[in-house]
Amino acid sequence: MDLGLLYSGGKDSTLAALLLDEFYDVTLTTAHFGISNDWKHARETARATGFEFERLELDPDVAREAVDRIREDGFPRNGIQHVHQHALETLAAGRFDAIADGTRRDDRVPTVSRAQAQSLEDRHGVDYIAPLSGFGRTAVDRLVEDRLDVTVGPSEEIDRADYEAELRDLIAEKDGPTAVTDVFPDHEQTYVTDVR
C-alpha cells in the first residue's frame, strides 16, 4: 500500500518513515506554500535515507490565516495546528492509501485527536497513522541516537522543511525579523543527514 508521510527532514518524521517502511511503500511528502525553497532540505534527506520524495503544495491563504492567528495570539501553537490540519487534509485527498505524520505522544503542537483522525479516514477513504503516538521524546531520542545522523540547533539556524520556517518568513516580511523572536519561543530543531 502507498503511504504519504508528512515530512520535514527532522528526526521525528524520519523515524516515522523507518518504522512504516516495513509495511508500506512510503513516500516522504513535504508540504509547502511556495514561500521559500526550504522543501529542498527535505528532498536531500529523502535521498540520503533512500525514500521516494514528493512536494505537496498547500493553499497560500492558509499560511496567511496561520500568520494572522500567530500574530493575534502572540504564540505559534494555533497557527501551526491550523497548517498541519490543512496539510493532512490535502495529503488525504491525494493518491495515497494511507497517510501519516511524525507526531509524538508528548507533542504540544501539532496534534491530531482521535476524532480528527477518524474524520480524515471516513471522509477521504484513507488510513491515518501516527507511528510515534505511543513514544515520548526520550524514547524517540534513544531510537534516533541509535539509527540516525542528526544535526541539532536553534530553529533559526537549522536547515529544515517544516511549516514553521515559511511562517517565520511571512511574519518577518510583514513585521520585521524581531517580530519572529517575539512570537516563536527559542527551541531546537533537527535535520537528519543519514541513516546508520
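The coordinates are above.
Residues numbered from 1 in each chain as written. Predicted model: local features only at pLDDT ≥ 70, side-chain atom pairs only at ≥ 80, totals over all residues. Heavy atoms only, no water.

Visitor: Looking at this structure, I do not really get the packing of helix α4 (residues 77-92) against helix α5 (residues 114-124). What am I missing?
Guide: What describes two packed helices is the angle between their axes and the distance between those same axes. Packing of α4 against α5 brings their axes to within 10 Å, and their N-to-C directions diverge by 30 degrees. Classified by the angle between their axes, α4 and α5 sit roughly parallel to one another. Crossing of α4 against α5: the hand is right-handed. Facing Gln81, Gln85, Leu88, Glu89 and Ala92 of α4, the residues of α5 in contact are Gln116, Leu120, Arg123 and His124. Split by residue class, the contact of α4 with α5 holds three nonpolar, four polar and two charged. (Axes fitted to C-alpha atoms, helices over the stretch in contact; angles between N-to-C directions. Helix = DSSP H or I, 4+ residues; strand = E, 2+ residues; numbered from the N terminus. Parallel < 35°, antiparallel > 145°, perpendicular 65-115°, else oblique. Left-handed = near helix turned anticlockwise from the far one by under 90°. Contact = heavy atoms within 4.5 Å. Nonpolar A, V, L, I, M, F, W, Y, C, P; charged D, E, K, R; others polar.)

Visitor: Can you help me understand the environment of Arg71 in this one?
Guide: Here Arg71 is to be found in helix α3 (residues 60-73). The spacing of Arg71 and Tyr191 is 120 residues in sequence and 27 Å in space, taken between C-alpha atoms. Residue contacts for Arg71: discarding those within four places in its chain leaves Lys174 and Asp175.

Visitor: Hey, could you run me through the side chain of Arg104 in this one?
Guide: Positionally, Arg104 belongs in the loop between β4 (98-100) and α5. Relative accessible area serves as the criterion here: at 14%, Arg104 is assigned to the buried category. In terms of polar contacts, Arg104 uses its side chain to reach the side chain of Asp106, at 3.1 Å. Apart from the residues within four sequence positions on either side, Arg104 is in contact with Asp12, Leu132, Ser133, Phe135, Gly136, Arg137 and Val140. (Buried < 20%, exposed > 50% of the residue type's maximum accessible area, 1.4 Å probe, protein only. Polar contact = N/O pair within 3.5 Å; in protein donor to acceptor, adjacent residues only side chain to side chain.)

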